[in-house]
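These are the residues of each chain, in order.
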Amino acid sequence: MATKTIDASLMQKMFLAGAKNLEANKEWINDLNVFPVPDGDTGTNMTMTILSAAREVSAIANPNMASLSKAISSGSLRGARGNSGVILSQLLRGFTKEVKTATTIDVETIALACQRATETAYKAVMKPKEGTILTVAKGVSDKASKLAGETDDVEEFLSKLIDEAELVLSKTPDMLPVLKEAGVVDSGGQGLVVVLKGCYDALIGKVTDFTITESDSKPSSEEKAGVGAAIENVDIKFGYCTEFIINLEREFTEKDEENFKKFLTSIGDSLVCVSLDDIVKIHVHTNHPGLAFEEGLKYGSLTRMKIDNMREEHNEKVVSKAEKQAAAASEAMAKVKDSKADEPKKDFGFITIAPGEGIGQIFRDLGCDQVIEGGQTMNPSTEDILNAADKINADTIYVLPNNSNIILASNQAASIIEDKEIIVIPTKTVPQGITALINFEASRSKDENTESMQESLGLVKSGQLTYAVRDTSIDGKEIKKDNYIGLGDKGLSSVGTDMITTLTDLINDLMFDDAELVTVYYGSDVTEEAANEAVSAISAKFADVEVELQYGGQPVYYYIVSVE
């Protein structure tokens, strides 16, 4: 007998089964890493993202579409890790936006939800690349639109969608040459197929266990407090920090959101506008809070309205500078609190992600407030970044991801934070993060510092040395299992059987005419004696530059290097 509709109870089971299937296959998905290095984490990131939502979903005793949609959307958004996890969370967010008002869903609803999921995910990525999870999602949504008029049997419909997803996935190596050379399909796309298969197995009754257990993946470590930067002489253009929530009483379309943001930008700055389900959260600095409130009333009733006079607060801060410095020094000697709400408010704060204890300490010494342990193999979630931001008593917080796979999660945190502004400096490597932080100056404005830090990223070249976990070929270079591999900013730089030779070849590839300094950060698997030998070899080969050695303590990568 054909299944024509899916109710909330069945949808709950299907989602949980999809999450469990992804968890069961995460290591296989991790192994689809293009580069044969021991840091494949796509499966882990997607699993931790969906499990964050699954725990909320499983806690709902009597589900309806609205409660399920809210749990899936909010849970996955806050738990999103890595680029693949963020994209998965956006797919789930778009899908649930379409189904949340339904009592049951049929093939037509699913088709519309798939379309909205794909559109939402594509918008979240600044430069979408085909041959990825996005391509697989688009293939599914296009097929769903075509099939919706051909069948009303949900089982048949989903089965054909999965077939299409696998077909598109099989073509990803033809879209991305790097996949073809490595002999793998896109790992994120494979993760999406695995989720869909889990959902289908629950639909047909193949899966009956929907218990969600805690993930055994390591959480981020407890962050330690550092020293931030403050500005004493500031010309505050917009004097009132204005915050409020709109309880929507009519549809808040994308056009409405665009017009609302445009209006608020015309009367202020530091705007954060986040639309979540039936509410819109607003933070803006303006000289006319009343105008912001009046514009908000066009869309619904207002609640949690708060106005702070920033000029008054700033003047008080300057007058009592000596007292507050003494108080801060006294607090530093006391037990560090989890919350920073009681500390003197400052203009700027900093969050960074560090892959090792030594690198973390370097960032703290440079004035970083919150250091999140993470990097390759352990990407922090959107919620980790939000929690770190919550511990910093500052209006503006800069985030330095230091890894291309953490930038999307950082951007997602910036889009949903409620009471302050997050600015993401898109650092892709640790050396870029250090360079960006060094180029911050407390006497500059927010915009000037943002521009300066972003421009500084081009002043440093970065590389990492690790080892191969399988035989493959990349960029025409043959790689054997256990070979040493040097990875530069643009990909594979060197391959060899001798660690120091491969390291110096990597640095040679990064070297440029005006280079003055090479910095070497040695990892947890390298002794200080071995690191000093490496530095001696580097100094001998590159006699015209200074070579500096630092303890990084990072896993996976024997050395992280920078040339500047």
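Residues numbered from 1 in each chain as written. Predicted model: local features only at pLDDT ≥ 70, side-chain atom pairs only at ≥ 80, totals over all residues. Heavy atoms only, no water.

Describe the packing of helix α3 (residues 42-58) against helix α5 (residues 82-99), naming the residues involved and giving the relevant values.
α5 packs onto α3 with a crossing angle of 35° between their chain directions and a minimal axis gap of 7 Å. In the packing of α3 onto α5, the handedness of the crossing is right-handed. Seen from α3, the contacting residues are T42, N45, M46, T49 and I50; seen from α5, they are G82, S84, G85, L88 and S89. The residue inventory of the contact of α3 with α5, partitioned by class, reads 3 nonpolar, 7 polar and no charged. (Axes fitted to C-alpha atoms, helices over the stretch in contact; angles between N-to-C directions. Helix = DSSP H or I, 4+ residues; strand = E, 2+ residues; numbered from the N terminus. Left-handed = near helix turned anticlockwise from the far one by under 90°. Contact = heavy atoms within 4.5 Å. Nonpolar A, V, L, I, M, F, W, Y, C, P; charged D, E, K, R; others polar.)

Can you tell me about a negative patch on the surface, naming the residues and giving the values?
The grouping of D269, D447, E448, E451 and E455 at the surface amounts to a negative patch. With 4 residues, helix α19 (residues 446-456) is the largest single contributor of residues to the negative patch. Tracing the backbone through its elements, the reader meets D447 in helix α19. (Patch = residues over 30% accessible without salt bridge, like charges linked within 9 Å, V, L, I, M, F, W, Y side chains within 5 Å. Areas by Shrake-Rupley, 256 points an atom, 1.4 Å probe, with all protein chains shown as cover. Salt bridge = Lys/Arg side-chain N within 4 Å of Asp/Glu carboxyl O. Lys, Arg positive; Asp, Glu negative; His and termini not counted. Charge placed at Lys NZ, Arg CZ, Asp CG, Glu CD.)

Account for the pattern of salt bridges, with residues named and values stated.
One pass over the structure, following the stated rule, counts 18 salt bridges. In this structure, R116 engages E98 in a salt bridge whose closest nitrogen and oxygen atoms are separated by 3.4 Å. One end of the pair, R116, is in helix α6 (residues 107-124); the other, E98, is in helix α5, with 18 residues separating them in the sequence. On the basis of relative accessible area, R116 is assigned to the partly exposed category, the value being 33%. Note on E98: relative accessible area 24%, which makes it partly exposed. Its salt-bridge partner being E421, residue K446 comes within 3.1 Å of it at the nearest N-O pair. Of this pair, K446 sits in helix α19 while E421 is found in strand β8 (residues 421-424), placing the two residues 25 residues apart along the sequence. With respect to class, K446 is no different from E421; both count as buried. (Buried < 20%, exposed > 50% of the residue type's maximum accessible area, 1.4 Å probe, protein only.)

Outline empty space enclosed by the protein, supporting the account with residue identities and numerical values.
Over the atoms a probe the size of a water molecule is rolled, and this reveals where empty space is left. Tallied over the full model, the rule gives 1 cavity of 30 Å³ or more. Of the pockets and cavities examined, the largest cavity occupies roughly 570 Å³. Considering the residues around the largest cavity, the lining is formed by 26 residues, among which L92, F95, C114, L196 and C199 are closest to the centre. At the level of secondary structure, the elements contributing two or more residues to the lining of the largest cavity comprise α1 (8-24), α5, α6, α7 (133-147), α8 (154-175) and α10 (187-203). If one sorts the elements of the lining of the largest cavity by residue count, α5 sits on top with 5 residues. Here the lining of the largest cavity is built from residues that sort into 23 nonpolar, 3 polar and no charged. (1 Å grid on protein atoms, 1.4 Å probe; cavity = no way out; pocket = protein on both sides within 12 Å on 5 of 7 lines; lining within 4 Å. Points joined across faces, edges and corners; volume = space filled by probe spheres on them.)

Could you give an account of the packing of α1 against α10, naming the residues involved and the relevant values?
When two helices pack together, their arrangement is given by the angle between the helix axes and by the axis-to-axis distance. Packing of α1 against α10 leaves a shortest axis separation of 7 Å and a crossing angle of 135°. Between α1 and α10, the angle falls in the class oblique. In terms of crossing hand, the pair formed by α1 and α10 is right-handed. Of α10, the residues touching α1 (which contributes L10, K13, M14, A17, G18, N21 and L22) are G191, V194, V195, K197, G198, C199, A202 and L203. A class-by-class count of the residues in the contact of α1 with α10 yields 9 nonpolar, 4 polar and 2 charged. (Parallel < 35°, antiparallel > 145°, perpendicular 65-115°, else oblique.)

Help me get a handle on the environment of V125, residues and values and all.
Mapped onto the elements of the fold, V125 is located in the loop between α6 and α7. A relative accessible area of 15% places V125 in the buried class. Each C-alpha atom of the pair V125 and Q90 lies 9.8 Å from the other, and the pair is 35 residues apart in sequence. Residues within four places of V125 in sequence aside, it is in contact with I87, L134 and L408.

So what about α8? Which residues, and what values?
Side chains that are three or four residues apart share a direction in an α-helix, a result of its 3.6 residues per turn. Taking 1.5 Å per residue, 22 residues should reach 32 Å; α8 reaches 31 Å between its end C-alpha atoms and fits that length. Along α8, the residues classified as buried are V154, F157, L158, L161, I162, E164, A165, V168, L169, T172 and P173. Looking at the buried residues of α8, the elements they touch are α1, α6, α7, α9 (177-182) and α10. (Expected span 1.5 Å × (residues − 1).)

Let's hear about the sheet that holds strand β6 (residues 370-373): which residues, and what values?
The strand order across the open sheet formed by 4 strands is β6-β5-β7-β8, and the pairing between neighbours is parallel. A single partner strand is all that each edge strand has here, and the edge strands are β6 and β8. Each neighbouring strand pair of the sheet contributes to a mean axis angle of 20°, computed without reference to strand direction. Sheet analysis places strand β5 (residues 346-354) next to β6, joined by 4 bridges and oriented parallel. Looking at the pairing, T352 lines up with V371 of β6. The sheet strands contacting helix α15 (residues 357-365) are β5, β6 and β7 (394-400), and the helix crosses β5 at an angle near 165°. Contacting β5, β6, β7 and β8, helix α16 (residues 382-390) runs over the sheet at an angle of about 155° to β6. (Pairing = 2+ DSSP bridges.)

Let's hear about the nonpolar core: which residues, and what values?
In terms of nonpolar packing, the biggest core is built from 91 residues, with F15, F157 and I422 touching the most fellow members. Not counting the four nearest positions on each side in its chain, F157 is found in contact with V107, I110, A111, A144, L147, A148 and T151. The next biggest cluster of nonpolar side chains, apart from the first, holds 22 residues, and it includes V535, I538, V545 and V561. (Core = buried A, V, L, I, M, F, W, Y, C linked by side-chain atoms within 4.5 Å.)

Before we move on, could you go through the packing of aromatic side chains and cite the residues and values that matter?
In the structure shown here, the tally under the stated rule is 12 aromatic pairs. Ring geometry for F244 and F293: centres 5.1 Å apart, planes at 80°, overall edge-to-face. Taken together, the residues F244 in strand β1 (residues 240-248) and F293 in helix α12 (residues 289-296) connect sequence positions 49 residues apart. For F244, a relative accessible area of 2% corresponds to the buried category. On the basis of relative accessible area, F293 is assigned to the buried category, the value being 15%. Between the aromatic rings of Y398 and F440, the centroid separation amounts to 6.2 Å while the plane-to-plane angle is 65°, which identifies the pairing as edge-to-face. Of this pair, Y398 sits in strand β7 while F440 sits in the loop between α18 (430-438) and α19, placing them 42 residues apart in sequence. (Phe/Tyr/Trp six-rings, centres within 6.5 Å; stacked < 30°, edge-to-face > 60°.)

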